[in-house]
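Descriptive structure summary
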Amino acid sequence: MKRAIVGILLTACLSGCSSGKRIAKANDALRLERETLKERVSAVEAENAELKAKVSELNQRQEHPLSEEVLSSLPRIASIEIDSLSGIWAKYAGHVAHIVIVPRDGRGRFVQAVGSVEIRVVELGKDNTTPRVLATRTVMPSELRDSFVASLTGLGYSINMDIDEEISSTVVFEVILHDELTGENHEDSLIASSRPYGN
């Protein structure tokens, strides 16, 4: 009886030690992740502070500088998003890549873009190791302005590209917007969904 009790206690002790090691390892991973996030936040804050300093310096050199309140209220592109309604349309001969680009300001709201856009439609290949470019296009600033659309789903820039080649695997849209007002480049990518033509 005593041996059985000792065995149970020993098993419980070993199980507790193993569980403790797993918890310690998980805590170490969480601490590392937290420190990494802190570093990223610090880097972003430093970049923002530097950009604010540059903007302030350039503004002070103007003959009639803008106030800090006006500067902070000027909407500028902070990021772009390829709308989820974008996709590959099947048609009677080939396909059409339908891409809707949504530029957003620092508060996540749509803002009009002045710049050019580079678009690539890439097929990843059945094993995702042999990508193939199906179509490319550069949209100039005047073309981009003309492609503006307003619908029930929101605002954006709608661009279509014909694809004459056969599609046999996953397709990805890759977009780079070159902002002519700020000189910044903004990128986004999206796995394209297949849709009936015109939907």
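Above this text sits the structure in question.
Residues numbered from 1 in each chain as written. Predicted model: local features only at pLDDT ≥ 70, side-chain atom pairs only at ≥ 80, totals over all residues. Heavy atoms only, no water.

A word on the packing of aromatic side chains. The geometry of an aromatic ring pair is captured by the separation of the ring centres together with the interplanar angle, meaning the angle of the planes. This structure, assessed with the given rule, holds 3 aromatic pairs. Measuring from ring centre to ring centre gives 5.9 Å for F110 and F148, while their planes differ by 45°; the resulting arrangement is tilted. Of this pair, F110 sits in the loop between strand 3 (95-104) and strand 4 (115-123) while F148 is found in strand 6 (residues 148-151), placing the two residues 38 residues apart along the sequence. Under the relative-accessibility criterion, F148 is labelled partly exposed at 32%. Between F148 and Y157 the ring centres are 5.9 Å apart and the planes differ by 65°, which places this aromatic pair in the edge-to-face class. The exposure class assigned to Y157 is buried, which follows from its relative accessible area of 2%. Taken together, the ring pairs connect F110, F148 and Y157 into an aromatic cluster. (Phe/Tyr/Trp six-rings, centres within 6.5 Å; stacked < 30°, edge-to-face > 60°. Helix = DSSP H or I, 4+ residues; strand = E, 2+ residues; numbered from the N terminus. Buried < 20%, exposed > 50% of the residue type's maximum accessible area, 1.4 Å probe, protein only.)

This paragraph deals with the side chain of S147. Turning to its location among the elements, S147 is positioned in the loop between helix 3 (141-146) and strand 6. Note on S147: relative accessible area 12%, which makes it buried. With residues up to four places along the chain from it excluded, the contact list for S147 reads G156, Y157, S158 and I159. (Contact = heavy atoms within 4.5 Å.)

Moving on, we get to the sheet that holds strand 5 (residues 132-139). Taken in spatial order, the 4 strands of this open sheet run 5-4-8-9, and their pairing is antiparallel. The two strands at the open ends of the sheet, each matched to only one other strand, are strand 5 and strand 9 (185-191). Mean inter-strand twist for the sheet, computed between neighbouring axes without regard to direction, equals 15°. Where strand 4 meets strand 8 (residues 171-179), 9 bridges bridge the pair, whose relative direction is antiparallel. The residue of strand 8 that forms the bridge with E118 is I176. (Pairing = 2+ DSSP bridges. Axes fitted to C-alpha atoms, helices over the stretch in contact; angles between N-to-C directions.)

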